[in-house]
Amino acid sequence: AAPPVERTVDSVCPFCGVGCQITYQVGGERIVGVQGRNGPANQARLCVKGRFGLDYIHHPDRLMLPLIRKPGAPKQVPPAGADWRAVFREATWDEALALATGPLRALRAAHGPKALAGFGSAKGSNEEAYLFQKLVRTGFGSNNVDHCTRLCHASSVAALLEGLGSGAVSNPVRDVEHAEFILVIGANPTANHPVAATWMKNAVQRGARLVLADPRATDMRQHAWRTLQFKPDADVALLNALLHTVIEEGLTDAAFIRDRTLQYEALRQHVQAYSPEAMAPLCGIAASTLREVARAYATSPAAMIFWGMGVSQHVHGTDNVRCLIALATITGQIGKPGSGLHPLRGQNNVQGASDAGLIPMMFPDYQRVDNPQARAWFEQFWGTALDERPGYTVVEILNLALADDAHPHKVRGMYIMGENPAMSDPDLHHTRHALAHLEHLVVQDIFLTETAWLADVVLPASAWPEKTGTASNTDRTVQMGRRALAPPGQARPDLWIIQQMAAGMGLRWHYPGAEAGVAAVYEEMRQAMHRSIGGITWQRLERDSSVTYPCLSADDPGQPVVFTERFPTPTGRATLVPAGIVWANERPDADYPLVLITGRQLEHWHTGSMTRRAAVLDALEPIATACMNAREMARCGVQPGALVQVRSRRGAVQLHLRLDEGTPDGAVFMPFAYAEAAANLLTNAVLDPFGKIPEFKYCAVAVQAL
Ligand code: SF4
């Protein structure tokens, strides 16, 4: 039986970007229960992950001492159940930190700052993200710092910054309370943002019309007014057909276009070639349905658009979002309650980590590193010279790890905190080879992840309930997470570890106060980000638990809906950018006749390192499965439940088949959480040229019975 509850601690859920507020129930130094709290995003609602998924922190696999690779131990990801003692030995913190930073210093001295890179985490706090990027920029000496935003919404942010001057959402999820029309495209909120999905369903109950647009038909279709199950890869064709209809049928908001946009005429001329009748065969949706949806969106009193990885993870991900921006702005469906654009953020703090500068081309608050004024401000603020060139992105950094020795920007040493690229990156054989090829790799995590198995030094870190810090959810709301428990064994708070790494790299930082000076770090970050969170003090967060930015002064209540008067661009106007059709990089053929779509499922979170160690979640979804519909199974000669091989040009995995009539003809769907059948062994590492995001949502595979 669970110990009785001895105390409660208020915090935030560590999983998805919805940012539900929770209360830990603690007994016997364990979390014995979790309850929903009355936060702005959840109003006490929780999904199965937040309610039952936190026991991963007590799993016996937790790292409790620093580990050092034994001389000659092969660098490879072993099968499940491998004994770490064959590869690593335990060490003291002093020894581990010396062995972590000494080789990084030596590589920097021998090859220059570009020889080093760092991946931070969207699962950590804002303070950790801020300090990590500061360490890379001021200690490593380059802007080679990135994190998993590169794998989820980098293309969305590229288009939003280009078009609207801000990469964040315009309205919070709960603004669907005011919407009469909701378009959800390339997203499966029931599985991936479950509490957000409940607000959408409530809006439908109230009378709002929900349109789902996705190659997969998801459970939300029970609530939809129309379901557009378009052909994979036909997003731009579909969206341009909607734009064509709005313009051709005179449904635009002429005053909004005149006063608040640029380049409308170029867009108008461009979409003339994309009539619904011409696009219908490409997207597999009847022209009449495309016109009906376009009319309903444009004429609705208030309309919201939500999107997810189905939009962003394509070589044309940025183009997809350019179309969505155009749709919202030429109809005036933005800048008022119930009308706006909302890219649903994946991880609990991917918004905050990006805001805090954990990206290679921007300092905190999206100040470009190649802007001389911005760079001068940060040089003065941090007291050191900074690199004027943007750094490399996640996939580029690992490609550079395999570059020729003569390459001036070859990456030789890395520090990875709380990310698992050996599961999350595309084309894993290549990724793992690159990680293993590094001359020095330091990994900081709570488990011996697939990435940590490839490290030279492993530093045991803290889980979210074991530390205090802030996180920013998909709604731009900064929220306070509070420590409920001490980390196990010799595991340490990430903020403390980053500071020890900084000291080892020669930096002289001093953040006084409890829990590695978290309040002092936050206050420094607040100064660096005064344009967005200047009015959100640590004391205010301690008192109120959450405040939405932009919030510029102590009496500013925060701004849930933005762009009401102008866009944060130099002209105050939105820029419309026409998008042509760019097909997927790798199309099906005779050898690989199916399209692989990767994604997530309700019970398992991203690479599975946490949720597959949560007892209830693992019991609900214990094995890897691939989904196909009955017609496609018959064509491939396979049965539901059969063990099959799924193979692409880059790799092959074995797993069982699951019947799913929502998966379209010609396609197979796989979650990427299962190490024993890692979907990313199959995916294609080709990048969107603007956001540098890989094409996770489309590659060619074959399915064969075993
Ligand atoms: Fe946690 Fe997201 Fe579920 Fe809320 S919806 S409980 S934030 S996983």
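Structure's up top.
As the structure is a prediction and not an experimental result, all values here were calculated from the model.

Colleague: An account of the side chain of Thr598 is requested, with residue identities and associated values reported.
Modeller: Positionally, Thr598 belongs in strand 23 (residues 594-599). At 3.0 Å, the side chain of Thr598 and the backbone oxygen of Phe696 are in polar contact. Discounting residues that sit within four places of it in the chain, Thr598 has contacts with Phe669, Met670, Ala679, Thr683, Phe696 and Lys697.

Colleague: Describe the site of the ligand, listing the residues and the values that go with them.
Modeller: Lining the immediate surroundings of the ligand are Cys13, Phe15, Cys16, Gly19, Cys20, Leu46, Cys47, Lys49, Gly50, Pro194 and Val195. Elements represented by at least two residues in the shell around the ligand include exactly helix 1 (48-52) and helix 7 (194-206).

Colleague: Lay out the nonpolar core in plain terms, naming residues and giving numbers.
Modeller: By size, the foremost hydrophobic cluster in this structure holds 101 residues, and its most contacted members are Tyr56 and Met501. Leu160, Leu164, Leu239 and Leu324 belong to the second largest nonpolar core, which has 56 residues in total.

Colleague: Go over the pairing of strand 8 (residues 181-185), please, and point to the residues and values.
Modeller: On a regular strand, one side chain projects to one face of the sheet and the next to the other, so that they alternate. Most of strand 8 sits inside the fold, with 5 of its 5 residues counted as buried. Pairing geometry for strand 8 and strand 9 (residues 209-213), over 5 bridges, is parallel. Note that in strand 9 the partner of Ile182 across the bridge is Leu210. Pairing analysis gives 5 bridges linking strand 8 to strand 12 (residues 303-307), with the strands arranged parallel. Residue pairing in the sheet places Val184 in a bridge with Phe306 of strand 12.

Colleague: Lay out the packing of helix 3 (residues 126-140) against helix 21 (residues 514-528) in plain terms, naming residues and giving numbers.
Modeller: In the contact formed by helix 3 and helix 21, the axes pass within 9 Å of each other and the chain directions differ by 70°. By the angle class used here, helix 3 and helix 21 are roughly perpendicular. For helix 3 against helix 21, the interelement crossing comes out left-handed. Only Val518, Val521, Tyr522, Glu524, Met525 and Ala528 of helix 21 make contact with helix 3, whose side of the interface consists of Asn126, Glu127, Tyr130, Leu131 and Lys134. For the contact of helix 3 with helix 21, a count of residues per class yields 7 nonpolar, 1 polar and 3 charged.

Colleague: Before we move on, could you go through the packing of aromatic side chains and cite the residues and values that matter?
Modeller: The final tally for this structure, using the stated rule, is 18 aromatic pairs. Centre to centre, the rings of Phe256 and Phe567 are 6.3 Å apart; their planes meet at 75°, and the pair counts as edge-to-face. Within this pair, whereas Phe256 is found in helix 9 (residues 254-260), its partner Phe567 is found in the loop between strand 21 (546-548) and strand 22 (574-575), the two being separated by 311 residues in sequence. Considering the side-chain rings of Trp377 and Phe378, the 4.9 Å spacing of their centres and the 70° angle between planes classify their relative orientation as edge-to-face. These aromatic residues form a ring-pair network of at least three members: Tyr130, Phe363, Trp377, Phe378, Phe381 and Trp382. The residue whose ring lies beneath Arg260 is Phe567, and the NZ or CZ to ring-centre distance is 4.6 Å. Above the face of the Phe447 ring, Arg613 is positioned so that its terminal group lies 4.2 Å from the ring centre.

Cut-offs applied
Residues numbered from 1 in each chain as written. Predicted model: local features only at pLDDT ≥ 70, side-chain atom pairs only at ≥ 80, totals over all residues. Heavy atoms only, no water. Helix = DSSP H or I, 4+ residues; strand = E, 2+ residues; numbered from the N terminus. Polar contact = N/O pair within 3.5 Å; in protein donor to acceptor, adjacent residues only side chain to side chain. Contact = heavy atoms within 4.5 Å. Near = heavy atom within 4 Å. Core = buried A, V, L, I, M, F, W, Y, C linked by side-chain atoms within 4.5 Å. Buried < 20%, exposed > 50% of the residue type's maximum accessible area, 1.4 Å probe, protein only. Pairing = 2+ DSSP bridges. Axes fitted to C-alpha atoms, helices over the stretch in contact; angles between N-to-C directions. Parallel < 35°, antiparallel > 145°, perpendicular 65-115°, else oblique. Left-handed = near helix turned anticlockwise from the far one by under 90°. Nonpolar A, V, L, I, M, F, W, Y, C, P; charged D, E, K, R; others polar. Phe/Tyr/Trp six-rings, centres within 6.5 Å; stacked < 30°, edge-to-face > 60°. Lys NZ or Arg CZ within 6 Å of the ring centre and 35° of its normal.

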